[in-house]
Amino acid sequence: MPGSRIVALGHYQPARVLTNEELAQMVETSDEWIQSRVGIKTRRIADDETVADMAAAAAGKALANSELSPSDIDLVVVATLTAEDRCPNVAARVAETLGIKAVAAYDLNTACSGFVYALATVDHAIQAGVARNALVIGAERLSKFVDWTDRSTCVLLGDGAGAAVVSASDEPAISPVLWGSVPEMGHTITIDGEPQVFKQEGQAVFRWATTELPKLARAACEKAGISPSELAAFVPHQANLRIIEPLAKKLGAENAIVARDVVDSGNTSAASVPLALAKLVERREVPSGAPVLLLGFGGGVTYAGLVIRCP
Ligand SMILES: CC(C)(COP(=O)(O)OP(=O)(O)OC[C@H]1O[C@@H](n2cnc3c(N)ncnc32)[C@H](O)[C@@H]1OP(=O)(O)O)[C@@H](O)C(=O)NCCC(=O)NCCS
(Lines give C-alpha, C1' and ligand atoms only; values in the text may rest on other atoms or scores of the structure.)
Protein backbone atom coordinates (compact mmCIF):
# COMPACT_ATOMS: atom_id res chain seq x y z
CA MET A 1 0.00 0.00 0.00
CA PRO A 2 1.65 3.27 -1.06
CA GLY A 3 1.66 6.39 1.06
CA SER A 4 1.64 9.91 -0.31
CA ARG A 5 3.64 13.11 -0.24
CA ILE A 6 3.25 16.74 -1.21
CA VAL A 7 5.40 17.28 -4.30
CA ALA A 8 4.64 20.95 -5.06
CA LEU A 9 2.72 23.96 -3.79
CA GLY A 10 1.18 27.15 -5.21
CA HIS A 11 -0.67 30.17 -3.89
CA TYR A 12 -2.82 33.02 -5.18
CA GLN A 13 -4.18 36.18 -3.59
CA PRO A 14 -6.13 39.05 -5.15
CA ALA A 15 -4.16 42.22 -5.94
CA ARG A 16 -6.37 44.51 -3.81
CA VAL A 17 -4.74 45.22 -0.43
CA LEU A 18 -7.02 46.45 2.38
CA THR A 19 -5.09 48.24 5.13
CA ASN A 20 -5.98 48.87 8.78
CA GLU A 21 -5.99 52.59 8.02
CA GLU A 22 -8.69 52.10 5.37
CA LEU A 23 -10.76 50.03 7.81
CA ALA A 24 -10.43 52.82 10.40
CA GLN A 25 -12.26 55.08 7.90
CA MET A 26 -15.11 52.54 7.63
CA VAL A 27 -15.68 51.53 11.30
CA GLU A 28 -14.54 52.70 14.73
CA THR A 29 -11.19 50.92 14.92
CA SER A 30 -7.47 51.65 14.68
CA ASP A 31 -4.26 50.17 13.33
CA GLU A 32 -3.04 50.01 16.94
CA TRP A 33 -6.07 47.96 18.14
CA ILE A 34 -5.93 45.52 15.24
CA GLN A 35 -2.17 44.95 15.40
CA SER A 36 -2.04 44.61 19.18
CA ARG A 37 -5.11 42.31 19.49
CA VAL A 38 -4.76 40.18 16.35
CA GLY A 39 -1.45 40.98 14.65
CA ILE A 40 -2.96 41.79 11.24
CA LYS A 41 -1.51 44.63 9.13
CA THR A 42 -3.19 43.97 5.77
CA ARG A 43 -5.52 41.53 4.04
CA ARG A 44 -6.33 40.88 0.35
CA ILE A 45 -9.86 41.35 -0.98
CA ALA A 46 -11.21 39.78 -4.18
CA ASP A 47 -12.42 42.15 -6.85
CA ASP A 48 -14.34 40.02 -9.34
CA GLU A 49 -12.44 36.77 -8.65
CA THR A 50 -14.62 33.85 -7.56
CA VAL A 51 -13.56 31.08 -5.19
CA ALA A 52 -13.10 28.82 -8.24
CA ASP A 53 -10.95 31.44 -10.02
CA MET A 54 -8.62 31.75 -7.02
CA ALA A 55 -8.56 27.96 -6.46
CA ALA A 56 -7.67 27.34 -10.12
CA ALA A 57 -4.96 30.03 -10.06
CA ALA A 58 -3.29 28.50 -6.98
CA ALA A 59 -3.67 24.95 -8.34
CA GLY A 60 -2.27 25.97 -11.73
CA LYS A 61 0.83 27.34 -10.01
CA ALA A 62 1.22 24.19 -7.91
CA LEU A 63 0.97 22.05 -11.05
CA ALA A 64 3.54 24.26 -12.83
CA ASN A 65 5.87 23.75 -9.83
CA SER A 66 5.53 19.96 -10.18
CA GLU A 67 6.65 17.65 -12.97
CA LEU A 68 3.06 16.64 -13.66
CA SER A 69 0.60 17.78 -16.32
CA PRO A 70 -3.21 18.11 -16.02
CA SER A 71 -3.70 14.65 -17.56
CA ASP A 72 -1.80 13.06 -14.63
CA ILE A 73 -4.32 14.37 -12.05
CA ASP A 74 -7.05 11.90 -11.05
CA LEU A 75 -8.49 13.64 -7.97
CA VAL A 76 -9.29 17.29 -7.15
CA VAL A 77 -10.45 18.29 -3.66
CA VAL A 78 -11.33 21.86 -2.69
CA ALA A 79 -11.75 22.89 0.95
CA THR A 80 -13.99 25.95 1.19
CA LEU A 81 -16.92 27.40 3.11
CA THR A 82 -17.52 30.30 0.73
CA ALA A 83 -18.45 28.65 -2.61
CA GLU A 84 -20.77 31.06 -4.41
CA ASP A 85 -22.91 28.33 -5.95
CA ARG A 86 -24.37 25.05 -4.71
CA CYS A 87 -23.70 23.29 -8.05
CA PRO A 88 -21.40 22.53 -9.83
CA ASN A 89 -18.88 22.23 -7.04
CA VAL A 90 -15.68 24.29 -7.01
CA ALA A 91 -13.49 21.22 -7.64
CA ALA A 92 -15.27 20.51 -10.94
CA ARG A 93 -14.84 24.15 -11.99
CA VAL A 94 -11.11 23.98 -11.18
CA ALA A 95 -10.79 20.76 -13.22
CA GLU A 96 -12.54 22.39 -16.18
CA THR A 97 -10.35 25.54 -16.00
CA LEU A 98 -7.14 23.49 -15.85
CA GLY A 99 -8.25 21.03 -18.55
CA ILE A 100 -8.30 18.02 -16.22
CA LYS A 101 -10.62 15.34 -17.62
CA ALA A 102 -12.42 12.29 -16.15
CA VAL A 103 -11.39 13.21 -12.65
CA ALA A 104 -12.87 12.56 -9.21
CA ALA A 105 -13.76 16.00 -7.85
CA TYR A 106 -15.34 17.03 -4.56
CA ASP A 107 -15.59 19.98 -2.17
CA LEU A 108 -15.20 19.66 1.57
CA ASN A 109 -16.36 22.10 4.25
CA THR A 110 -14.87 21.97 7.71
CA ALA A 111 -14.31 25.74 7.78
CA CYS A 112 -10.79 26.82 8.78
CA SER A 113 -9.51 23.27 9.30
CA GLY A 114 -10.65 22.35 5.76
CA PHE A 115 -7.29 22.07 4.03
CA VAL A 116 -5.87 19.67 6.62
CA TYR A 117 -9.03 17.55 6.50
CA ALA A 118 -8.81 17.55 2.67
CA LEU A 119 -5.14 16.59 2.70
CA ALA A 120 -5.93 13.67 5.03
CA THR A 121 -8.79 12.40 2.83
CA VAL A 122 -6.55 12.59 -0.23
CA ASP A 123 -3.80 10.68 1.58
CA HIS A 124 -6.41 8.04 2.48
CA ALA A 125 -7.65 7.84 -1.14
CA ILE A 126 -4.09 7.31 -2.37
CA GLN A 127 -3.43 4.67 0.29
CA ALA A 128 -6.66 2.91 -0.76
CA GLY A 129 -5.39 2.82 -4.34
CA VAL A 130 -8.21 4.94 -5.82
CA ALA A 131 -6.01 7.92 -6.75
CA ARG A 132 -2.34 8.49 -7.65
CA ASN A 133 -1.95 12.24 -8.22
CA ALA A 134 -4.23 14.78 -6.58
CA LEU A 135 -4.74 18.50 -6.26
CA VAL A 136 -5.69 19.61 -2.75
CA ILE A 137 -6.81 23.22 -2.52
CA GLY A 138 -7.97 25.62 0.20
CA ALA A 139 -9.77 28.63 -1.29
CA GLU A 140 -11.96 31.32 0.26
CA ARG A 141 -13.73 34.53 -0.63
CA LEU A 142 -14.72 35.51 2.90
CA SER A 143 -15.16 39.18 1.91
CA LYS A 144 -18.56 38.22 0.45
CA PHE A 145 -19.75 37.14 3.91
CA VAL A 146 -18.39 40.08 5.91
CA ASP A 147 -20.63 42.62 7.63
CA TRP A 148 -18.55 45.71 6.78
CA THR A 149 -20.28 47.66 9.60
CA ASP A 150 -19.22 45.17 12.32
CA ARG A 151 -15.78 46.16 13.64
CA SER A 152 -15.44 42.95 15.66
CA THR A 153 -15.28 40.80 12.50
CA CYS A 154 -14.59 42.96 9.41
CA VAL A 155 -10.98 43.62 10.43
CA LEU A 156 -10.17 39.89 10.66
CA LEU A 157 -10.90 38.25 7.31
CA GLY A 158 -9.27 38.04 3.87
CA ASP A 159 -9.47 36.20 0.54
CA GLY A 160 -7.06 33.84 -1.24
CA ALA A 161 -6.12 30.27 -2.10
CA GLY A 162 -3.32 27.77 -1.57
CA ALA A 163 -2.84 24.43 -3.31
CA ALA A 164 -0.76 21.28 -3.10
CA VAL A 165 0.00 18.52 -5.61
CA VAL A 166 -0.03 15.21 -3.70
CA SER A 167 1.35 12.03 -5.29
CA ALA A 168 1.61 8.37 -4.36
CA SER A 169 4.98 7.58 -2.84
CA ASP A 170 6.83 4.54 -1.53
CA GLU A 171 8.20 6.82 1.15
CA PRO A 172 5.07 8.14 2.89
CA ALA A 173 5.49 11.79 3.89
CA ILE A 174 2.05 12.56 5.34
CA SER A 175 1.43 11.26 8.86
CA PRO A 176 -1.83 9.79 10.18
CA VAL A 177 -4.20 12.65 10.92
CA LEU A 178 -5.46 13.72 14.33
CA TRP A 179 -8.90 15.11 13.59
CA GLY A 180 -12.09 15.84 15.45
CA SER A 181 -14.71 18.38 16.39
CA VAL A 182 -16.51 19.98 19.32
CA PRO A 183 -20.12 20.06 18.05
CA GLU A 184 -21.48 21.69 21.20
CA MET A 185 -19.40 24.78 20.30
CA GLY A 186 -20.90 25.03 16.81
CA HIS A 187 -22.76 28.23 17.67
CA THR A 188 -19.50 30.12 18.40
CA ILE A 189 -18.51 30.57 14.71
CA THR A 190 -21.30 30.87 12.15
CA ILE A 191 -22.20 32.00 8.65
CA ASP A 192 -25.96 31.50 8.69
CA GLY A 193 -29.30 33.28 8.64
CA GLU A 194 -30.26 35.89 6.07
CA PRO A 195 -28.21 37.76 5.01
CA GLN A 196 -25.44 35.23 5.56
CA VAL A 197 -22.62 36.95 7.44
CA PHE A 198 -19.63 35.73 9.44
CA LYS A 199 -20.14 35.97 13.21
CA GLN A 200 -18.12 34.61 16.08
CA GLU A 201 -17.96 34.66 19.85
CA GLY A 202 -14.35 35.77 19.77
CA GLN A 203 -13.51 35.34 23.44
CA ALA A 204 -15.08 31.85 23.71
CA VAL A 205 -13.12 30.66 20.66
CA PHE A 206 -9.95 32.35 21.93
CA ARG A 207 -10.29 30.58 25.32
CA TRP A 208 -10.86 27.20 23.64
CA ALA A 209 -7.95 27.73 21.24
CA THR A 210 -5.45 28.75 23.90
CA THR A 211 -6.34 25.89 26.28
CA GLU A 212 -7.04 22.99 23.88
CA LEU A 213 -4.75 23.55 20.88
CA PRO A 214 -1.44 22.91 22.68
CA LYS A 215 -2.73 19.44 23.69
CA LEU A 216 -4.06 18.73 20.20
CA ALA A 217 -0.83 19.89 18.55
CA ARG A 218 1.17 17.62 20.86
CA ALA A 219 -1.17 14.70 20.13
CA ALA A 220 -0.75 15.25 16.37
CA CYS A 221 3.05 15.07 16.79
CA GLU A 222 2.69 11.88 18.84
CA LYS A 223 0.57 10.30 16.08
CA ALA A 224 3.35 11.18 13.64
CA GLY A 225 5.98 9.67 15.96
CA ILE A 226 7.89 12.93 16.23
CA SER A 227 8.86 15.22 19.10
CA PRO A 228 7.78 18.90 18.77
CA SER A 229 11.43 19.94 19.18
CA GLU A 230 12.23 18.08 15.92
CA LEU A 231 9.78 20.19 13.86
CA ALA A 232 11.45 22.40 11.25
CA ALA A 233 8.28 24.44 10.79
CA PHE A 234 4.87 24.88 12.37
CA VAL A 235 1.96 26.10 10.23
CA PRO A 236 -1.16 26.61 12.34
CA HIS A 237 -4.39 28.19 11.09
CA GLN A 238 -3.76 31.92 10.73
CA ALA A 239 -6.46 33.54 12.91
CA ASN A 240 -4.55 35.58 15.49
CA LEU A 241 -0.84 36.05 16.34
CA ARG A 242 -1.91 36.05 20.01
CA ILE A 243 -2.99 32.43 19.50
CA ILE A 244 -0.15 31.34 17.18
CA GLU A 245 2.88 32.56 19.17
CA PRO A 246 1.95 31.21 22.65
CA LEU A 247 0.80 27.96 21.00
CA ALA A 248 4.21 27.41 19.38
CA LYS A 249 5.86 28.07 22.75
CA LYS A 250 3.54 25.77 24.73
CA LEU A 251 3.99 23.03 22.13
CA GLY A 252 7.76 23.20 22.57
CA ALA A 253 8.43 23.75 18.86
CA GLU A 254 11.54 25.72 19.78
CA ASN A 255 13.46 24.85 16.60
CA ALA A 256 10.57 25.48 14.22
CA ILE A 257 9.93 28.39 11.92
CA VAL A 258 6.43 29.51 12.85
CA ALA A 259 4.15 30.72 10.03
CA ARG A 260 2.92 34.29 10.61
CA ASP A 261 1.12 34.95 7.34
CA VAL A 262 -1.88 36.34 9.27
CA VAL A 263 0.09 39.61 9.47
CA ASP A 264 -0.14 40.17 5.70
CA SER A 265 -3.18 38.08 4.76
CA GLY A 266 -5.59 38.13 7.72
CA ASN A 267 -7.72 35.06 8.43
CA THR A 268 -8.41 33.27 5.12
CA SER A 269 -10.10 30.22 6.71
CA ALA A 270 -9.40 27.03 4.69
CA ALA A 271 -6.84 28.89 2.55
CA SER A 272 -4.69 29.99 5.48
CA VAL A 273 -2.62 26.84 6.05
CA PRO A 274 -1.74 26.15 2.37
CA LEU A 275 -1.12 29.87 1.71
CA ALA A 276 1.28 30.12 4.63
CA LEU A 277 2.98 26.80 3.81
CA ALA A 278 3.38 27.63 0.10
CA LYS A 279 5.01 30.98 0.98
CA LEU A 280 7.45 29.39 3.47
CA VAL A 281 8.50 26.83 0.85
CA GLU A 282 8.71 29.45 -1.91
CA ARG A 283 11.06 31.52 0.27
CA ARG A 284 13.09 28.31 0.88
CA GLU A 285 12.75 28.75 4.63
CA VAL A 286 12.23 25.02 5.24
CA PRO A 287 14.66 22.35 3.94
CA SER A 288 13.22 19.70 1.64
CA GLY A 289 12.30 16.58 3.63
CA ALA A 290 12.09 18.43 6.97
CA PRO A 291 9.05 17.76 9.21
CA VAL A 292 6.30 20.41 9.30
CA LEU A 293 3.23 20.35 11.58
CA LEU A 294 0.04 21.60 9.92
CA LEU A 295 -2.77 22.41 12.39
CA GLY A 296 -6.17 23.63 11.25
CA PHE A 297 -9.01 24.73 13.56
CA GLY A 298 -12.17 26.76 13.24
CA GLY A 299 -15.92 26.67 12.61
CA GLY A 300 -17.70 23.54 13.75
CA VAL A 301 -15.69 23.71 15.99
CA THR A 302 -13.43 21.41 13.96
CA TYR A 303 -9.72 20.69 14.12
CA ALA A 304 -7.14 18.58 12.27
CA GLY A 305 -3.38 18.19 12.58
CA LEU A 306 -0.77 16.15 10.76
CA VAL A 307 2.96 16.20 10.05
CA ILE A 308 4.21 16.38 6.46
CA ARG A 309 7.71 16.22 5.04
CA CYS A 310 8.45 19.47 3.25
CA PRO A 311 8.48 19.14 -0.57
C1 LIG B 1 -11.74 38.10 17.68
C2 LIG B 1 -10.63 38.56 18.62
C3 LIG B 1 -9.46 39.08 17.83
C4 LIG B 1 -11.18 39.72 19.48
O5 LIG B 1 -10.18 40.15 20.40
P6 LIG B 1 -10.53 40.29 21.96
O7 LIG B 1 -9.30 40.78 22.62
O8 LIG B 1 -11.13 39.00 22.42
O9 LIG B 1 -11.61 41.45 21.92
P10 LIG B 1 -13.08 41.46 22.54
O11 LIG B 1 -14.03 40.79 21.60
O12 LIG B 1 -13.04 40.99 23.96
O13 LIG B 1 -13.37 43.02 22.56
C14 LIG B 1 -12.69 43.89 23.45
C15 LIG B 1 -13.15 45.30 23.18
O16 LIG B 1 -12.64 45.73 21.91
C17 LIG B 1 -13.73 46.20 21.12
N18 LIG B 1 -13.43 45.88 19.72
C19 LIG B 1 -13.79 44.77 19.03
N20 LIG B 1 -13.32 44.88 17.77
C21 LIG B 1 -12.67 46.05 17.69
C22 LIG B 1 -11.99 46.71 16.66
N23 LIG B 1 -11.86 46.18 15.42
N24 LIG B 1 -11.43 47.91 16.93
C25 LIG B 1 -11.53 48.48 18.13
N26 LIG B 1 -12.18 47.89 19.16
C27 LIG B 1 -12.75 46.70 18.94
C28 LIG B 1 -14.95 45.48 21.65
O29 LIG B 1 -16.12 46.19 21.34
C30 LIG B 1 -14.66 45.47 23.13
O31 LIG B 1 -14.96 46.72 23.66
P32 LIG B 1 -15.64 46.87 25.13
O33 LIG B 1 -14.58 46.30 26.06
O34 LIG B 1 -15.82 48.32 25.25
O35 LIG B 1 -16.89 46.06 25.08
C36 LIG B 1 -10.17 37.39 19.53
O37 LIG B 1 -11.18 37.11 20.47
C38 LIG B 1 -9.85 36.13 18.79
O39 LIG B 1 -8.88 36.05 18.06
N40 LIG B 1 -10.65 35.06 18.96
C41 LIG B 1 -10.40 33.77 18.33
C42 LIG B 1 -10.71 33.81 16.85
C43 LIG B 1 -10.43 32.48 16.19
O44 LIG B 1 -9.42 31.87 16.42
N45 LIG B 1 -11.36 32.00 15.36
C46 LIG B 1 -11.22 30.66 14.81
C47 LIG B 1 -11.03 30.63 13.38
S48 LIG B 1 -12.22 31.50 12.44
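Residues numbered from 1 in each chain as written. Predicted model: local features only at pLDDT ≥ 70, side-chain atom pairs only at ≥ 80, totals over all residues. Heavy atoms only, no water.

If you look the protein chain up in an unreviewed UniProt entry, it shows as Beta-ketoacyl-[acyl-carrier-protein] synthase III from Tenggerimyces flavus. In its Subunit (unreviewed entry) section, the UniProt entry covering the protein chain states "Homodimer." We quote the UniProt Pathway (unreviewed entry) comment for the protein chain here in full: "Lipid metabolism; fatty acid biosynthesis." (UniProt positions renumbered as here; feature names shortened; annotations may be inferred.)

Enquirer: Help me understand unusual backbone geometry, please; the structure alone is not making it clear to me.
Expert: Note: most peptide bonds trans; most residues except glycine with negative phi. Cis geometry marks the peptide bond from Glu 194 to Pro 195; its omega dihedral reads 0 degrees. For the peptide bond that leads from Gly 300 to Val 301, omega is -15 degrees, which places it in the cis range. Locating Val 301 in the fold gives a position in the loop between β13 (291–298) and β14 (302–309). Non-glycine residue Ser 269 carries a positive phi angle of around 50 degrees. When you line up the elements, Ser 269 lands in the loop between α9 (262–265) and α10 (272–282). Under the relative-accessibility criterion, Ser 269 is labelled buried at 2%. (Helix = DSSP H or I, 4+ residues; strand = E, 2+ residues; numbered from the N terminus. Buried < 20%, exposed > 50% of the residue type's maximum accessible area, 1.4 Å probe, protein only.)

Enquirer: I would appreciate a short explanation of the pairing of strand β4 (residues 75–79) in the present structure.
Expert: If a strand is regular, its side chains alternate between the two faces of the sheet. The buried count for β4 comes to five of five residues, which makes it a mostly enclosed element. Strand direction decides the pairing type here: β4 and strand β5 (residues 104–108), joined by five bridges, are parallel. Pairing of Val 77 across the sheet is with Tyr 106, part of β5. Remark: the β4/helix α4 (residues 90–98)/β5 crossover connection has right-handed handedness. Sheet analysis places β4 next to strand β6 (residues 133–141), joined by five bridges and oriented parallel. (Pairing = 2+ DSSP bridges. Right-handed = clockwise from strand over helix to strand, strands pointing away.)

Enquirer: Just to check I follow, could you spell out the packing of helix α7 (residues 202–224) against helix α8 (residues 241–251) for this structure?
Expert: A pair of packed helices can be characterised by two numbers: the angle between their axes and the separation between those axes. Taken N-terminus to C-terminus, the directions of α7 and α8 make an angle of 40 degrees; their axes are 9 Å apart at the nearest point. The angle between α7 and α8 falls in the class oblique. For the pair α7 and α8, the sense of crossing is right-handed. Across the interface between the two elements, Phe 206, Ala 209, Thr 210, Leu 213, Pro 214, Ala 217, Arg 218 and Cys 221 from α7 touch Arg 242, Ile 243, Leu 247, Lys 250 and Leu 251 from α8. (Axes fitted to C-alpha atoms, helices over the stretch in contact; angles between N-to-C directions. Parallel < 35°, antiparallel > 145°, perpendicular 65-115°, else oblique. Left-handed = near helix turned anticlockwise from the far one by under 90°. Contact = heavy atoms within 4.5 Å.)

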